[in-house]
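Residues per chain, in single letters:
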Amino acid sequence: MSITVNLRYTGKASAALDFAKEMVSSGTVAKIRAEKGNLRYEYYVPLDECGDTCNSEKTVLLIDQWQDQAAIDAHHASPMMAAIANLREKYDLHMTVERFVSDEGGVPEKDKEFIRE
């Protein structure tokens, strides 16, 4: 069983995008990806907010996937959480969170016809 957490960061003008860029450039994302139990840590920008230049986003989506709750708990107890919290404050970001638990059965056979590999 894995747990996927979708976090939507919102802020004024490009604050959420600037936050995500600093998370990457500071090496924090690489450190999180190297943590035991991390399966995925990726930022995305909604295209409907992007416009022509993709420099004025108000929302950034983080897809954060972990092996189990123990891995999430260890991440939350790590020193990186203080750095992340400081950056959230710096960019005055707000968040919404959704959690999903993996379906151990995989994709149902009747849904596979809609998937192009």
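In what follows, the structure referred to is the one given above.
**Student:** Go over the packing of aromatic side chains with me, naming the residues and quoting the values.
**Tutor:** The geometry of an aromatic ring pair comes down to the distance between the two centres and the angle between the two planes. For the structure on display, the rule yields 4 aromatic pairs. With centroids separated by 6.5 Å and ring planes inclined at 75 degrees, the aromatic side chains of Phe 19 and Tyr 91 adopt a geometry described as edge-to-face. Of this pair, Phe 19 sits in helix H1 (residues 15–25) while Tyr 91 sits in the loop between helix H4 (80–90) and strand S4 (94–101), and the two are 72 residues apart along the sequence. The same class applies to Phe 19 and to Tyr 91, which are both buried.

**Student:** Mind laying out helix H3 (residues 69–76), listing which residues take part and the relevant values?
**Tutor:** For H3, the full list of buried residues reads Ala 71, Ile 72 and His 75. The buried residues of H3 occupy one face: seen down the axis, they fall within an arc of 100 degrees. If you follow the buried residues of H3, they end up packed against strand S1 (3–10), helix H2 (28–33), strand S3 (59–66), H4 and S4. In this structure Asp 68 caps H3, since a side-chain oxygen of it lies 3.3 Å from the backbone nitrogen of Ala 70.

**Student:** Describe the sheet that holds S3, listing the residues and the values that go with them.
**Tutor:** Taken together, 4 strands build an open sheet; the order of strands is S2-S3-S1-S4 and the sheet is antiparallel. Looking at the sheet topology across the chains shown, the edges are occupied by strand S2 (38–44) and S4. For this sheet the average axis-to-axis angle between neighbouring strands, irrespective of direction, equals 15 degrees. Bridge count between S1 and S3: 8 bridges; the pairing is antiparallel. Looking across to S3, one finds that Tyr 9 is bridged to Val 60.

**Student:** Quick one: what's the story with the pattern of salt bridges, residue by residue and with numbers?
**Tutor:** A side chain with one charge can pair with a side chain of the opposite charge if their charged atoms come near. Enumeration over the complete set of coordinates arrives at 4 salt bridges. Here Lys 112 ties to Glu 109 by a salt bridge, and the two come within 3.1 Å at their closest N and O atoms. One end of the pair, Lys 112, and the other, Glu 109, are both in helix H5 (residues 109–112), 3 residues apart, so they sit about a helical turn from each other. Overall, Lys 112 belongs to the partly exposed group, its relative accessible area being 41%. Residue Glu 109 is classed as exposed on the basis of its relative accessible area, which comes to 62%.

Calculation notes
- Residues numbered from 1 in each chain as written.
- Predicted model: local features only at pLDDT ≥ 70, side-chain atom pairs only at ≥ 80, totals over all residues.
- Heavy atoms only, no water.
- Phe/Tyr/Trp six-rings, centres within 6.5 Å; stacked < 30°, edge-to-face > 60°.
- Helix = DSSP H or I, 4+ residues; strand = E, 2+ residues; numbered from the N terminus.
- Buried < 20%, exposed > 50% of the residue type's maximum accessible area, 1.4 Å probe, protein only.
- Arc of directions from axis to C-beta.
- Contact = heavy atoms within 4.5 Å.
- Polar contact = N/O pair within 3.5 Å; in protein donor to acceptor, adjacent residues only side chain to side chain.
- Pairing = 2+ DSSP bridges.
- Axes fitted to C-alpha atoms, helices over the stretch in contact; angles between N-to-C directions.
- Salt bridge = Lys/Arg side-chain N within 4 Å of Asp/Glu carboxyl O.

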